[in-house]
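If you want the building blocks of each chain, they are given just below.
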Amino acid sequence: CLSRPAQAKLVLPRRPRPGLPPTTAHLTELLSALAKEPATAVVRSAYADPRPAEWLSQRAMIPVVVVPYTVGGSERAVDLIGLFDDTLARLAVLVR
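In this text the structure is predicted, and so the values were computed from the model without any measurement. (Residues numbered from 1 in each chain as written. Predicted model: local features only at pLDDT ≥ 70, side-chain atom pairs only at ≥ 80, totals over all residues. Heavy atoms only, no water.)

*Asks:* So what exactly am I meant to see when it comes to the environment of Pro50 here?
*Replies:* By secondary structure assignment, the location of Pro50 is in helix α2 (residues 50-60). When its relative accessible area of 35% is taken as the criterion, Pro50 is described as partly exposed. In sequence terms Pro50 and Val66 are 16 residues apart; their C-alpha atoms lie 9.0 Å from each other. (Helix = DSSP H or I, 4+ residues; strand = E, 2+ residues; numbered from the N terminus. Buried < 20%, exposed > 50% of the residue type's maximum accessible area, 1.4 Å probe, protein only.)

*Asks:* Where do I start with the packing of aromatic side chains in this structure?
*Replies:* Aromatic ring pairs are described here by two measures, namely the spacing of the ring centres and the angle between the planes. All chains considered together, the criterion is met by one aromatic pair. With 4.5 Å between their ring centres and 70° between their planes, Tyr47 and Tyr69 make a pair best called edge-to-face. Note that Tyr47 is positioned in the loop between β1 (42-45) and α2 and Tyr69 in the loop between β2 (64-67) and α3 (80-92), a separation of 22 residues in sequence. Looking at Tyr69, the relative accessible area reads 56%, which means it is exposed. (Phe/Tyr/Trp six-rings, centres within 6.5 Å; stacked < 30°, edge-to-face > 60°.)

*Asks:* What exactly am I supposed to notice about the side chain of Asp86 here?
*Replies:* Structurally, the position occupied by Asp86 is in helix α3. You can call Asp86 buried: its relative accessible area is 3%. In terms of polar contacts, Asp86 uses its side chain to reach the side chain of Ser74, at 2.4 Å. Those residues in contact with Asp86 that sit more than four places away from it in its chain are Pro68, Ser74, Arg76 and Ala77. (Polar contact = N/O pair within 3.5 Å; in protein donor to acceptor, adjacent residues only side chain to side chain. Contact = heavy atoms within 4.5 Å.)

Encoded structure:
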């Protein structure tokens, strides 16, 4: 479980406009922001294109955590409780 959720904070949203992939300029802006305020990981949903997250992860030298977007988004997310359990388990490794 996430016993200290206050430690998790959003550095910058990955997408400047919902529904559109991040631009190179936006990814560069994220990388600059991470240089000033480091993050523990890049979090992306299972349905999202992995390339932008991998690009940022490699340059910032932090891992990518893929969370299921919905029920059925992972093997463990077979129902709503499974979705929450799987998402929290994937995020919990970041605060250990």
